[in-house]
Amino acid sequence: MEESPFKYQGPLDPADVRGRDELLDDLIGRVTARRVTALVGPRRYGKTSLLRRLAVELTEMSTVWVDLYEVTSMADLVFRVDKALAAADTPFTADAAPFAASLQLRLGVARVEFSRPAKDRPDPVARLGLLLDVLVTTATRVPTLLILDEFSSIATVGGAAGALRTALQHHYTDLGIVFAGSMPSVMRQLFTNRVEPFYAQADLMTIGPLSDAAVTDMVVDGFAATGRGAGLLPGRLTEFAAGHPQRTMQLADAAWRHTPEGGSVDASTWALAVEEVRRVSADPMERLFSHFQRAERDVLRIVASGGAIFGNAAILLDVSHGAAAHARDRLLADGDLIESQEGLTVTDPVLADWIRTTLPL
Ligand SMILES: Nc1ncnc2c1ncn2[C@@H]1O[C@H](COP(=O)(O)OP(=O)(O)OP(=O)(O)O)[C@@H](O)[C@H]1O
Ligand SMILES: [Mg+2]
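Residues numbered from 1 in each chain as written. Chains lettered and ligands numbered in written order. Predicted model: local features only at pLDDT ≥ 70, side-chain atom pairs only at ≥ 80, totals over all residues. Heavy atoms only, no water.

Q: Account for the pattern of salt bridges, naming residues and giving values.
A: Under the definition given, this model contains 19 salt bridges. Asp221 serves as the salt-bridge partner of Arg18, at 2.8 Å between the closest nitrogen and oxygen. You can see Arg18 sitting in the segment before helix H1 (21–32) and its partner Asp221 sitting in helix H9 (residues 212–225), a full 203 residues away along the chain. A salt bridge links Asp120 to Lys119; its shortest N-O distance comes to 3.4 Å. Note on Asp120: relative accessible area 37%, which makes it partly exposed. Relative accessible area serves as the criterion here: at 73%, Lys119 is assigned to the exposed category. Each of the salt bridges in this network shares a partner with another, and the network as a whole consists of Asp26, Arg30, Arg35 and Asp203. (Salt bridge = Lys/Arg side-chain N within 4 Å of Asp/Glu carboxyl O. Helix = DSSP H or I, 4+ residues; strand = E, 2+ residues; numbered from the N terminus. Buried < 20%, exposed > 50% of the residue type's maximum accessible area, 1.4 Å probe, protein only.)

Q: Provide a residue-level description of the packing of aromatic side chains, including the pertinent values.
A: Inspection of every chain in the model, using the stated rule, returns nine aromatic pairs. For the pair Phe191 and Phe198, a centre-to-centre distance of 6.1 Å together with 50° between the ring planes defines the contact as tilted. Under the relative-accessibility criterion, Phe191 is labelled buried at 2%. Classification of Phe198 by relative accessible area gives buried; the value is 1%. Lying over the aromatic face of Phe79, Arg111 brings its terminal NZ or CZ to 4.4 Å of the ring centre. (Phe/Tyr/Trp six-rings, centres within 6.5 Å; stacked < 30°, edge-to-face > 60°. Lys NZ or Arg CZ within 6 Å of the ring centre and 35° of its normal.)

Q: Would you mind going over the site of ligand 1 in detail, with residue names and values included?
A: In the vicinity of ligand 1 lie 22 residues, with Lys7, Gly10, Arg44, Lys47 and Ser49 positioned nearest. In this structure, an oxygen atom belonging to ligand 1 sits 2.5 Å away from a side-chain N or O atom of Ser49. Elements supplying a minimum of two residues to the shell around ligand 1: helix H2 (47–57) and helix H11 (245–257). Within the shell around ligand 1, the residues separate by chemical class into nine nonpolar, six polar and seven charged. (Near = heavy atom within 4 Å. Polar contact = N/O pair within 3.5 Å; in protein donor to acceptor, adjacent residues only side chain to side chain. Nonpolar A, V, L, I, M, F, W, Y, C, P; charged D, E, K, R; others polar.)

Q: Lay out the packing of H9 against helix H10 (residues 233–241) with the relevant residues and their values.
A: Packing of H9 against H10 leaves a shortest axis separation of 9 Å and a crossing angle of 135°. The angle between the axes of H9 and H10 places the two elements in the oblique class. Taken as a pair, H9 and H10 cross one another with a handedness that is right-handed. Between H9 and H10, the residues in contact are Asp212, Val215, Thr216, Val219, Val220 and Phe223 and Leu233, Pro234, Leu237 and Thr238, respectively. Here the contact of H9 with H10 is composed, by residue class, of seven nonpolar, two polar and one charged. (Axes fitted to C-alpha atoms, helices over the stretch in contact; angles between N-to-C directions. Parallel < 35°, antiparallel > 145°, perpendicular 65-115°, else oblique. Left-handed = near helix turned anticlockwise from the far one by under 90°. Contact = heavy atoms within 4.5 Å.)

Q: How would you explain the environment of Thr156 if you had to name every residue and give the values?
A: Mapping Thr156 onto the fold places it in the loop between strand S3 (144–149) and helix H7 (160–168). Along the backbone, Thr156 and Asp266 are 110 residues apart, and their C-alpha atoms lie at a distance of 48 Å.

Q: Lay out the pairing of strand S7 (residues 343–346) in plain terms, naming residues and giving numbers.
A: For strand S6 (residues 337–340) and S7, the ladder comprises four bridges, and the chain directions are antiparallel. The residue bridging Glu339 from the neighbouring strand is Leu344, located in S7. Taking the residues between adjacent antiparallel strands as the criterion, S6 and S7 are bridged by two residues. (Pairing = 2+ DSSP bridges.)

Q: Any details on the environment of Arg121? Residues and values, ideally.
A: In this structure, Arg121 sits in the loop between helix H5 (110–114) and helix H6 (124–139). Considered as a pair, Arg121 and Ala110 are eleven residues apart in the sequence and their alpha carbons are 9.4 Å apart. If near-sequence neighbours (up to four positions away) are discounted, Arg121 is found in contact with Glu113, Phe114 and Arg116. Separated by 2.8 Å, the side chain of Arg121 and the backbone oxygen of Arg116 make a polar contact.

In structure tokens form, the structure reads like this:
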């Protein structure tokens, strides 16, 4: 079967990252100037894809990529850092491995070491210190880009942010450092709250939706490259998904699969694509929605239907000013709502669509 040009699960191949040229140039400039940066954006907005592209663009640097997704403990953090060091580019590992050996350390074996009986396990804090020593020492000799992806997860591991800060703080000029995370409130808290170890240690940079022009180019090119015409897809897609990267790709993929070679997207193709995405996401959307608190559900409903959270719809749903304001703040903090000049929107257009069709107002 022919492969769809629109991938919508997991990070993209670096070469497929489109519509992020400005952000990419900005990041290259920052890393080159050794300005520590924290990239913040909602889930599935293309943070990991963009950073993978960044790593490829910075050909003269080795990348150490630490994935902190759902990190749960200090030992888990050690495991992630160890794995990242072992998996770094060759110029880095060629230098790091002998240095690690001089510290009686082998890289890439933390998982095994931590599965031993308690008395034979390394002390996680001490081990983290050694690994970070390997990182910063190697970085003085080999130009190194350190990516800390899903950094917001670190907030749940006591002492972890402090340990990282202590190890990194005197090396901001040796290493290029980019943090990325999808919980806006947690990321902001980590870098802008005085009590946090990383207070004022990084510039916050936001990743937003894809522009209409970027979506249009991508869709038109993807269809043309596979002998199809995008027809009315760009207009429908930008209206429906409002530049949400992953949903844009999911809908583009569905439309592409309903378009035979030589054909192009018309109103019925688009209807089939939307219907298919609605069908596969109905159960997950229902589950997701049921996990919000009552006032949050009310606010999501009002925002999805284009209403004002202190307007008539709020009266209809019997949600008080106070409860609505509080729910709005929580939804913004968790990245479920976004606020722009046009007002509030539900971040995920498929969730918004599910709410509008299931619970119309
Ligand atoms: N520049 C882009 N152009 C088009 N689609 C993109 C782009 N970046 C990301 N996507 C789409 O979004 C999906 C998710 O991308 P990615 O995993 O990089 O996002 P993320 O923000 O890291 O997500 P998560 O919150 O799950 O870590 C990709 O599979 C792709 O469909
Ligand atoms: Mg990611």
